[in-house]
Amino acid sequence: MSALLAAALAGFAALSLEILGVRWLAPWFGATSLVWSNQIGVVLLALAAGAAWGGRLARRSPAPWRIAARLLAAAGLLLGLGILLLPRFCTWLLPPALHLDEAAGIALGGSLGAALLFFAPPVLLLAMVAPLLVEIRAAARGAGRAAGEISAAGTLGSLLGVFASTYLAVPLLGTRLTLALLAAALVAAGAILAARPRHSSLALLPLLPLLGDDPARLANLPRLDGHESIVLAVRESPLQRLRVVELRASGAAAGGERWLQMNEGLDSYQSRWLPGSAWPGGYYDLFALAPLYAGLELGDGACEFWSLGHAAGSALGPVAAVLGERPWQAVGVELDAAALELGQRWLPLAPGLAERTELRVGDARLLLRGAPPDLDFVLLDAYAAQFEIPAHLATVEFFQEVAGHLRPGGVLAVNLGTSSRAGTRGGPVGAIVAGLREAFGDHVRLHEVPFSRNVVVFARHQAPLPGLDELWAAMPAGVPRFVGGACLSGQVFEGEALPAGLPYCDDRNPVAIEQAREWLGAGR
Amino acid sequence: MRGATRRCRATGAAVALALLGGALPGQAGVPADAREFLERQRDLAGAGPSWEANLARFNLAYPCGAMAEAREALDALSRLAPADPTARYYRLELNSHDAGLLEQSRAGAARFLAAQAAVESDPETEVLRRWLVAQVERLDHGLSIEQLRRSEVAASSIRARWLPLGAAGVLALAAWAAARWRPRAAAPGAS
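In this text, all values refer to a predicted model and were calculated from it rather than measured experimentally.

*Asks:* How should I be thinking about the overall build of chain B in this particular structure?
*Replies:* The secondary structure content of chain B amounts to seven helices and zero strands. Among the 191 residues that make up chain B, the fraction classed as buried is 40%. When contacts within chain B are restricted to residue pairs at least 6 apart in sequence, those whose partners lie at least 24 apart make up 60%. Element-wise, carbon and sulfur atoms account for 60% of the exposed surface of chain B, whose accessible area totals about 10,300 Å².

This is the structure:
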């Protein structure tokens, strides 16, 4: 029974480390597909090497049980050392004031190196345990049965490790505490299994790094001239790490704009909030054009729209400012409930906006299927892992579904972050624009966001977009001048001037690899 | 020569405003909102190809982020007076937003400052000259900080590129050392 428990513990710890490893690296390197691939690859390699090595050790070991116990304890101690050293390693590797568009290459090599140095060794030791346990059990039960039972126990432990760490431990305890407790548990289990309970006190060692502040809290803080970045809140959800940062003017006691950041943060944000202003700036302000393109400056009927990728609702202020006195209702869809909670607490909407916005938690594509068929416009600002466009929200079929929920003349507005201005000319932006053209015909227009690497694309259902002259004439007072700057012909692309590409389909969708290629290229 | 004097007066008169408000020369105040920006843009569309008109176009477009429009106006200014220091300063200012032109911008700023140091300006142009030099010095300072940041990023990229190989080497070395280790015989009574 002890052997089965030890196998389950080793499996639990190994797969927990695979999940927790990415979560632990995320504040520095992000949690993109590249980082995940590195972590999974390294863990699998360590599992394979550990199993092979453990098998050799089992054949020649005169005391396999003692060795197995020591391996568990050593894995715990190595993990504890990693908890202490990883933040220093990341600080050494990452330069200050790194920009998101420069980070992909560094994150790729850095996360691979970190996974090799800090996660491969303990996983390798854990993988060595199973063959030793098989050797112990085989004497009484035969090799086949022993291997089957140990393998089953290890796999069940792994299964528990995956789910418990994602859904229970990380949201409740946080990644650092979970890792430290796991390391301590391994050390204690090793001591007990080796019949050396006195050595259990070594389990306190991995807990020592917890005495200091969490270094991940301050990782990759945004740097703005004349401002200091104050971390107001940190939350770890089952999906990602979230942080609210206030950029406070140097010397000021309080106040300043706030950013809701995910994972590695850097100079980017998922929501932005300026005290006392409806206009957060950047691409959010360009969402104000959606009601204008939908012809809503005329008439006074009620307006209804959906905001997909709502987070703290930064897009609502500009839209509400343009709609003025006109009554409106909105539905904000957000995948991560923690982002909504942090938004409500730290980036509150202006009075009157929250009351008119119904919040729903879930996948944008899935929930949109329950939307009415006559929406005035839809705002799409959904990203996974900072800059990754969710594949299923970039296809022709999805855009056709959106069109099916718009009234004739209704508008879809899409924010697209690119790695650089060059990104506006092809790559994923070209493919997404091509998908929009397939779903909306030629009624598609792209605006470059001033002083930014983002573009906002507008597509109108069953009606041509108003000309730029008409857009200028419809512009209400109070819209930031940068929005005007984005409405000059040099910043606007349509027809043949739009970036081109092969549209993504649900069945053929290389957006992840194309985006990774684009961002890796930008960092060089 | 008369063109140069007119240019100088056009920019020089605006420098007083610029010095008071910290704005760019030739700038009739930054528009309050997008509507005002677009109205002024429409008015300027028919203003003709003069130095003053293009100066106004640039100073309207640039602070509002309409880079294509600003570049077009600046190209026109450069065609009208290729050696004019105001146009050269604006070129540096505009190029400073282009990450690919950092080296070029720094070299341009150095050339600008060297050229201005050698200029013997009259009292009429001295205010403008001093203002331009101050602006380019500010710009150059910003660019030097950015250049330093970029060099740190480049060094970090190199470290990150070789890191996996180094880590794999460390692990291989550890594995080699561990493979030489032989477990001792079990103590009597140990399970």
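*Asks:* When you look at the packing of aromatic side chains in this model, what are you seeing that I'm missing?
*Replies:* The geometry of an aromatic ring pair is captured by two quantities: the separation of the ring centres and the angle between the planes. Inspection of every chain in the model, using the stated rule, returns 17 aromatic pairs over all chains. Summarising the aromatic geometry, the rings of A:Phe89 and A:Phe118 are spaced 5.4 Å apart at their centres and angled 70° between planes, so their arrangement reads as edge-to-face. In this pair, A:Phe89 is assigned in helix H3 (residues 64–93) and A:Phe118 in helix H4 (residues 100–141), connecting sequence segments 29 residues apart. A:Phe118 shares its class with A:Phe89; the two are buried. With a centroid separation of 5.8 Å and 50° between ring planes, the pair formed by A:Phe398 and A:Phe399 is classed as tilted. When sorted by exposure, A:Phe398 lands in the same class as A:Phe399, which is buried. In textbook terms, an aromatic cluster arises when at least three aromatic residues are bridged by ring pairs, as seen for A:Trp259, A:Tyr269, A:Tyr283, A:Tyr284 and A:Phe287. Directly above the aromatic system of A:Trp346 lies the positively charged group of A:Arg345, at a separation of 4.0 Å from the ring centroid. Between B:Arg159 and the ring centre of A:Trp92, over which it is positioned, the NZ or CZ distance is 5.0 Å.

*Asks:* Just to check I follow, could you spell out the environment of A:Ala391 for this structure?
*Replies:* All names here are of chain A. With respect to the helices and strands, Ala391 occurs in the loop between strand E8 (375–380) and helix H12 (396–403). The spacing of Ala391 and His461 is 70 residues in sequence and 22 Å in space, taken between C-alpha atoms. With residues near it in sequence (within four places) discarded, Ala391 still touches Asn509 and Val511.

*Asks:* Would you explain the pairing of strand E7 (residues 357–361) of chain A in this entry?
*Replies:* Residues and elements named next belong to chain A. Bridge count between strand E6 (residues 328–334) and E7: five bridges; the pairing is parallel. Across the sheet, the residue bridging to Ala330 is Thr357, located in E7. Handedness of the crossover joining E6 and E7 through helix H10 (residues 337–346) is recorded here as right-handed.

*Asks:* Would you explain the interface of chain B and chain A in this entry?
*Replies:* Reports of interface size often rely on the accessible area that becomes lost once the parts have come together. Taken together, the contact pairs 44 residues of chain B with 51 residues of chain A. Of the roughly 3,800 Å² buried where chain B meets chain A, counting both sides, 67% is carbon and sulfur surface. On the chain B side of the contact with chain A, B:Leu38, B:Arg149 and B:Leu163 bury the most area, a combined 14% of that side's loss. One can count one salt bridge joining chain B with chain A. One salt bridge connects A:Glu102 with B:Arg149, and the closest N-O pair in it is separated by 2.7 Å. Where chain B touches chain A, the interface holds nine residue pairs in polar contact (both at pLDDT 80 or more). By residue number, the principal contributor to the side of chain B that touches chain A is helix H7 (residues 123–179) of chain B, which donates 18 residues. Its residues placed into classes, the side of chain B that touches chain A shows 27 nonpolar, six polar and 11 charged.

*Asks:* Is there a simple way to explain the sheet that holds strand E1 (residues 227–236) of chain A in this structure?
*Replies:* All names here are of chain A. As summarised here, the arrangement of the four strands in space is E1-E2-E3-E4, forming an open sheet in which the pairing is antiparallel. Edge positions in the sheet fall to E1 and strand E4 (271–273), since each has one partner strand and no second. Across the sheet, the axes of successive neighbouring strands diverge by a mean angle of 20°, strand direction being ignored. In this sheet, strand E3 (residues 257–262) lies alongside strand E2 (residues 241–249) in antiparallel orientation, the contact comprising six bridges.

*Asks:* Hey, could you run me through the pairing of strand E9 (residues 406–417) of chain A in this one?
*Replies:* Note on strand geometry: in a regular strand, side chains alternate between the two faces of the sheet. Residue and element names in this part refer to chain A. Of all 12 residues making up E9, 11 are buried, and the element is well covered by its neighbours. As paired strands, E8 and E9 are joined by five bridges and run parallel to one another. What sits directly across from Leu375, in E9, is Leu406. Where E9 and strand E11 (residues 454–460) come together, seven bridges link them in antiparallel fashion. Each bridged residue has a counterpart across the sheet, and for Val414 the counterpart in E11 is Val457.

*Asks:* When you look at the packing of helix H2 (residues 33–60) of chain A against H4(A) in this model, what are you seeing that I'm missing?
*Replies:* Each packed pair of helices is defined by two parameters, the angle between the axes and the distance between the axes. Residue and element names in this part refer to chain A. Taken N-terminus to C-terminus, the directions of H2 and H4 make an angle of 30°; their axes are 6 Å apart at the nearest point. One finds that H2 runs roughly parallel with respect to H4. For the pair H2 and H4, the crossing hand works out as right-handed.

*Asks:* Help me understand the nonpolar core in this model?
*Replies:* Taken as a class, soluble globular proteins show a tendency for nonpolar side chains to be buried jointly. If you look at the biggest cluster of nonpolar residues, it comprises 77 residues, and the most contacted ones within it are A:Leu289, A:Phe305, A:Phe377, A:Leu379, A:Phe458 and A:Met475. Counting residues per element, this core draws most heavily on H7(B), at six residues. Apart from the residues lying within four places of it in its own chain, the contact partners of A:Phe377 are A:Ala290, A:Pro291, A:Leu296, A:Cys303, A:Glu304, A:Phe305, A:Trp306, A:Val319, A:Leu406 and A:Val411. By size, the runner-up hydrophobic cluster in this structure holds 76 residues, among which are A:Val22, A:Ala103, A:Leu124 and A:Phe387.

Basis of the calculations
Residues numbered from 1 in each chain as written. Chains lettered and ligands numbered in written order. Predicted model: local features only at pLDDT ≥ 70, side-chain atom pairs only at ≥ 80, totals over all residues. Heavy atoms only, no water. Helix = DSSP H or I, 4+ residues; strand = E, 2+ residues; numbered from the N terminus. Buried < 20%, exposed > 50% of the residue type's maximum accessible area, 1.4 Å probe, protein only. Contact = heavy atoms within 4.5 Å. Areas by Shrake-Rupley, 256 points an atom, 1.4 Å probe, with all protein chains shown as cover. Phe/Tyr/Trp six-rings, centres within 6.5 Å; stacked < 30°, edge-to-face > 60°. Lys NZ or Arg CZ within 6 Å of the ring centre and 35° of its normal. Pairing = 2+ DSSP bridges. Right-handed = clockwise from strand over helix to strand, strands pointing away. Buried area = accessible area lost by both parts, 1.4 Å probe. Salt bridge = Lys/Arg side-chain N within 4 Å of Asp/Glu carboxyl O. Polar contact = N/O pair within 3.5 Å; in protein donor to acceptor, adjacent residues only side chain to side chain. Nonpolar A, V, L, I, M, F, W, Y, C, P; charged D, E, K, R; others polar. Axes fitted to C-alpha atoms, helices over the stretch in contact; angles between N-to-C directions. Parallel < 35°, antiparallel > 145°, perpendicular 65-115°, else oblique. Left-handed = near helix turned anticlockwise from the far one by under 90°. Core = buried A, V, L, I, M, F, W, Y, C linked by side-chain atoms within 4.5 Å.

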